[in-house]
Amino acid sequence: MPCLYVVEPGAVVRRSGCRLLVEKDDRQLLEVELTDLDSVLLLSTVTVTTPALCALLQAGVETAFLTGQGKLLGQLTPPLARNLALRRAQYEKERDPLFALRQARVLLTAKIDNQRQVLLRHAADYSGPQPAVEAAASRLEQLLLALGNSPDLPALLGVEGRAAALYWQAFAEMLKAEGLAFSGRRAHPPPDPVNAVLSFGYTLLTNLLTSLLDGYGFDPWLGFLHSETYGHPSLALDVVEAYRAPVVDRLALRLFNLRILQPGDFFPYEEGGVRMTDDALRRFFQEWERALLRLNLREALKSQVEQLARVYRGVEEEIRPWRWSAREGPVGPEG
């Protein structure tokens, strides 16, 4: 159990020796050894005792707090040695526009190609013609060539925008379950179940990467693609781009197409958004952990951060983003 997810409203997490206990109404829901954990994720409706938090810090386990809508409230991180030399190199590279352009180009190339691979895999998994999906995959292949000829960051972002429009149109075609309303990607707030799952998954993925970057000594808030916005970990958002489609988007397709989640598992909340019920959250996290294990994603993210450090130190010229192939993974609908 690399990560402990506690989503039961009113649950209490406390320490008992070298173990964590999750209890509710004088009933024990779970018991886990601290040494088995890499991280803990708690919803804001869960209580955690001070001794439990201290034990997590002593064990080097990071704890993240999320709202039910998937918004990261904050993290409790054990004190780690800060890599001052790496941060100096990061700040120096940040002032180099050619460096930023080079990294942005290879990163967006990986992102768009991974989106294309998701489309190709879907077309292979489902019997019968998939003309909209196949046409979008072909057009994305053409846009990949345009990225190489883009002279600056605005031009790169223009290509990315065209690719996103094609991809999300095809994504709607890949949703096979009845009763789903998805007219495109919208996040603030997510107005439908599909967007709610996508936003929740992206938050979890970004939190994983932010923690790794911070622990390695990077400044996660200083990136080369996303603008520096207060409260947004720009570097984490940069690097996570290549992972979005194969990890989160495919998980969303699996959850809805296999009817693990259905429209009735969501309810409206403030400002026109929707969120998962508590029971739906439990099912989501079960599938989320399975997806991470199937893709060996935690190790992939660690390797990505280590390679990024070599880039900032000048040992390598370009980031080598994570790639996913349509030929990988188990056969079956959104397997």
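Each remark here, short or long, concerns the structure printed above.
Everything numeric in this text was worked out from a predicted model, so none of it was measured.

A. A look at unusual backbone geometry. Cis geometry marks the peptide bond from His-188 to Pro-189, where omega comes out at -5°. You can see Pro-189 is positioned in the loop between helix H5 (153–174) and helix H6 (193–216). Even without being glycine, Asp-26 reaches a positive phi, approximately 65°. In this structure, Asp-26 sits in the loop between strand S3 (19–24) and strand S4 (27–33).

B. Up close: the pattern of salt bridges. Counting across every chain of the model gives 22 salt bridges. Close ionic contact of Asp-113 with Arg-323 constitutes a salt bridge, the shortest N to O distance being 3.2 Å. Of the two residues, Asp-113 is situated in helix H3 (residues 97–125) and Arg-323 in the segment after helix H9 (297–312); the sequence distance between them amounts to 210 residues. Judged by its relative accessible area of 13%, Asp-113 falls in the buried class. The salt bridge involving Glu-287 is made with Arg-290; its shortest N-O contact spans 2.7 Å. With Glu-287 and Arg-290 both in helix H8 (residues 278–295) and three residues apart, this pair spans about one turn of that helix. Of the residues examined, Glu-287 reaches a relative accessible area of 7% and is grouped as buried.

C. Examining the packing of H3 against H5 more closely. Running from amino to carboxyl end, H3 crosses H5 at an angle of 15°, the nearest separation of the two axes being 11 Å. Classified by the angle their axes make, H3 and H5 are roughly parallel. H3 and H5 meet at a crossing whose hand is left-handed. Touching Leu-101, Ala-104, Arg-105, Leu-108, Lys-111, Ile-112, Gln-115, Val-118, Leu-119 and His-122 of H3 are Leu-153, Leu-156, Leu-157, Val-159, Glu-160, Ala-163, Tyr-167, Ala-170 and Met-174, all from H5. In terms of residue class, the contact of H3 with H5 is built from 14 nonpolar, two polar and three charged.

D. Just the nonpolar core, in detail. Phe-171, Phe-284, Phe-285 and Trp-288 are the most contacted members of the largest nonpolar core, which has 89 residues in total. The element best represented in this core is helix H7 (residues 234–257), accounting for 14 residues. Those residues in contact with Phe-284 that lie beyond four places of it in its chain are Val-197, Phe-200, Gly-201, Leu-204, Leu-251, Leu-255 and Met-276. Ranked by size, the runner-up nonpolar core spans 18 residues in total, among them Val-6, Val-22, Val-48 and Leu-56.

E. Broad picture of the packing of aromatic side chains. As enumerated under the stated definition, the model contains 15 aromatic pairs in all. Ring plane angle 80° and centroid distance 5.5 Å describe the contact between Phe-284 and Phe-285, whose orientation is recorded as edge-to-face. A relative accessible area of 0% places Phe-284 in the buried class. A relative accessible area of 4% means that Phe-285 is categorised as buried. Taken together, the ring pairs connect Tyr-5, Phe-200, Phe-284, Phe-285 and Trp-288 into an aromatic cluster. The ring of Tyr-126 has Lys-176 sitting right over it, with the charged end atom 5.7 Å from the ring centre. Here Arg-244 stacks its cationic end above the ring of Tyr-202, 4.4 Å away from the centre of that ring.

F. Region of interest: the sheet that holds strand S8 (residues 72–76). Judged by pairing direction, the sheet is mixed, and its four strands sit side by side in the order S1-S5-S7-S8 without closing on themselves. Strands at the two margins of the open sheet, each flanked by one partner only, are strand S1 (3–6) and S8. Averaged over all pairs of adjacent strands, the angle between their axes in this sheet comes to 15°, without regard to strand direction. Where strand S5 (residues 39–43) meets strand S7 (residues 62–66), five bridges bridge the pair, whose relative direction is parallel. Residue pairing in the sheet places Val-40 in a bridge with Thr-63 of S7.

Definitions and limits used
Residues numbered from 1 in each chain as written. Predicted model: local features only at pLDDT ≥ 70, side-chain atom pairs only at ≥ 80, totals over all residues. Heavy atoms only, no water. Helix = DSSP H or I, 4+ residues; strand = E, 2+ residues; numbered from the N terminus. Salt bridge = Lys/Arg side-chain N within 4 Å of Asp/Glu carboxyl O. Buried < 20%, exposed > 50% of the residue type's maximum accessible area, 1.4 Å probe, protein only. Axes fitted to C-alpha atoms, helices over the stretch in contact; angles between N-to-C directions. Parallel < 35°, antiparallel > 145°, perpendicular 65-115°, else oblique. Left-handed = near helix turned anticlockwise from the far one by under 90°. Contact = heavy atoms within 4.5 Å. Nonpolar A, V, L, I, M, F, W, Y, C, P; charged D, E, K, R; others polar. Core = buried A, V, L, I, M, F, W, Y, C linked by side-chain atoms within 4.5 Å. Phe/Tyr/Trp six-rings, centres within 6.5 Å; stacked < 30°, edge-to-face > 60°. Lys NZ or Arg CZ within 6 Å of the ring centre and 35° of its normal. Pairing = 2+ DSSP bridges.

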